Amino acid sequence: QVQLVESGGGLVQAGGSLRLSCTASGSTFSRFNMGWLRQAPGKEREFVAAISWSAGIKYYADSVKGRFTISRDNAKNTVYLQMNSLKPEDTAVYYCAADDGVVVPVKHVEYDYWGQGTQVTVSS
């Protein structure tokens, strides 16, 4: 089992940057594949980015590729999402998620553990 806590959300202007952090506890963090997913009001939760336990595999949604970067620091039990060139359509609640399978998930239903979410609002 693992517990996840996100931080770093806030309100920024279009073109600005934010860095989200997710700190894990309760298990061996380095053995979990980690992901970031988001949900805007009235929309389904969508995949944003994922990283393997070794950090050797990364996946990004097409909508954020080139703007967002996922990384992890296993010594700190933390995964990050650096978000640059933010757009109003990036506005959503961002969730950190973990999976202990052998394949890095790219769908929200494949993740086993979830954080509480952090709000990101991008103004135009």
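The structure under discussion appears in the preceding block.
Note that the coordinates shown come from a computational prediction; the quantities given were computed from them, not determined experimentally. (Residues numbered from 1 in each chain as written. Predicted model: local features only at pLDDT ≥ 70, side-chain atom pairs only at ≥ 80, totals over all residues. Heavy atoms only, no water.)

1. Re the pairing of strand S3 (residues 18-25)
Consecutive residues of a regular strand have side chains that alternate between opposite faces of the sheet.
Phase 1 of the analysis: Bridge count for strand S1 (residues 3-7) against S3 is five bridges, and the pairing is antiparallel. Its bridge partner being in S3, Val5 is matched across the sheet by Thr23.
Phase 2 of the analysis: Pairing of S3 with strand S8 (residues 78-83), which is carried by six bridges, proceeds in the antiparallel orientation. Directly across from Leu18, in S8, lies its bridge partner Met83. (Pairing = 2+ DSSP bridges. Helix = DSSP H or I, 4+ residues; strand = E, 2+ residues; numbered from the N terminus.)

2. Some words on the side chain of Thr118
Phase 1 of the analysis: Residue placement: Thr118 occurs in strand S11 (residues 118-123).
Phase 2 of the analysis: Among the residues examined, Thr118 registers a relative accessible area of 11% and is labelled buried.
Phase 3 of the analysis: There is a polar contact of 3.3 Å between the side chain of Thr118 and the backbone nitrogen of Gly9.
Phase 4 of the analysis: What Thr118 contacts, discounting residues up to four positions off in sequence, is Glu6, Ser7, Gly8, Gly9, Leu20, Ala92, Val93 and Tyr94. (Buried < 20%, exposed > 50% of the residue type's maximum accessible area, 1.4 Å probe, protein only. Polar contact = N/O pair within 3.5 Å; in protein donor to acceptor, adjacent residues only side chain to side chain. Contact = heavy atoms within 4.5 Å.)

3. So, the environment of Glu46
Phase 1 of the analysis: Structurally, Glu46 can be placed in strand S5 (residues 46-51).
Phase 2 of the analysis: What makes Glu46 partly exposed here is its relative accessible area of 36%.
Phase 3 of the analysis: For Glu46 and Trp36, which are 10 residues apart along the polypeptide, the C-alpha to C-alpha distance reads 9.0 Å.
Phase 4 of the analysis: Residue contacts for Glu46: discarding those within four places in its chain leaves Leu37 and Arg38.
Phase 5 of the analysis: Side chain to side chain, Glu46 and Arg38 meet in a polar contact 2.7 Å long.

4. Concerning a nonpolar patch on the surface
Phase 1 of the analysis: On the surface, Ile57, Tyr59 and Val106 cluster together to form a nonpolar patch covering roughly 240 Å² of accessible area.
Phase 2 of the analysis: With respect to the element layout, Val106 can be found in the loop between strand S9 (92-99) and strand S10 (113-114). (Patch = residues over 30% accessible without salt bridge, like charges linked within 9 Å, V, L, I, M, F, W, Y side chains within 5 Å. Areas by Shrake-Rupley, 256 points an atom, 1.4 Å probe, with all protein chains shown as cover. Salt bridge = Lys/Arg side-chain N within 4 Å of Asp/Glu carboxyl O.)

5. Quick word on the state of the cysteines
Phase 1 of the analysis: If you walk through the whole model with that rule in mind, you get one disulfide.
Phase 2 of the analysis: Each disulfide pairs two cysteine sulfurs, and for Cys22 the partner residue is Cys96, the sulfurs being separated by 2.1 Å. Taking the sign of the S-S torsion, -75° for the link of Cys22 and Cys96, the bridge is left-handed. Of this pair, Cys22 sits in strand S3 while Cys96 is found in strand S9, placing the two residues 74 residues apart along the sequence. Taken as a pair, Cys22 and Cys96 share a single burial class, namely buried. (Disulfide = S-S within 2.5 Å.)

6. Some details on the packing of aromatic side chains
Phase 1 of the analysis: Counting across every chain of the model gives three aromatic pairs.
Phase 2 of the analysis: Note on Phe32 and Tyr113: the rings are 6.0 Å apart at their centroids and 70° apart in plane angle, and the pair reads as edge-to-face. Of the two residues, Phe32 is situated in the loop between S3 and strand S4 (33-39) and Tyr113 in strand S10; the sequence distance between them amounts to 81 residues.
Phase 3 of the analysis: Seen in terms of ring centroids, Tyr111 and Trp114 are 6.1 Å apart; in terms of plane orientation they differ by 65°. Their pairing is edge-to-face.
Phase 4 of the analysis: Tyr111 sits in the buried class, given a relative accessible area of 5%.
Phase 5 of the analysis: The positively charged end of Arg45 is found above the aromatic ring belonging to Tyr95, 3.9 Å away from the centroid.
Phase 6 of the analysis: We note Arg45 situated over the ring of Trp114; from NZ or CZ to the ring centre the distance is 4.8 Å. (Phe/Tyr/Trp six-rings, centres within 6.5 Å; stacked < 30°, edge-to-face > 60°. Lys NZ or Arg CZ within 6 Å of the ring centre and 35° of its normal.)

Function cannot be read off these values alone, since they describe shape.
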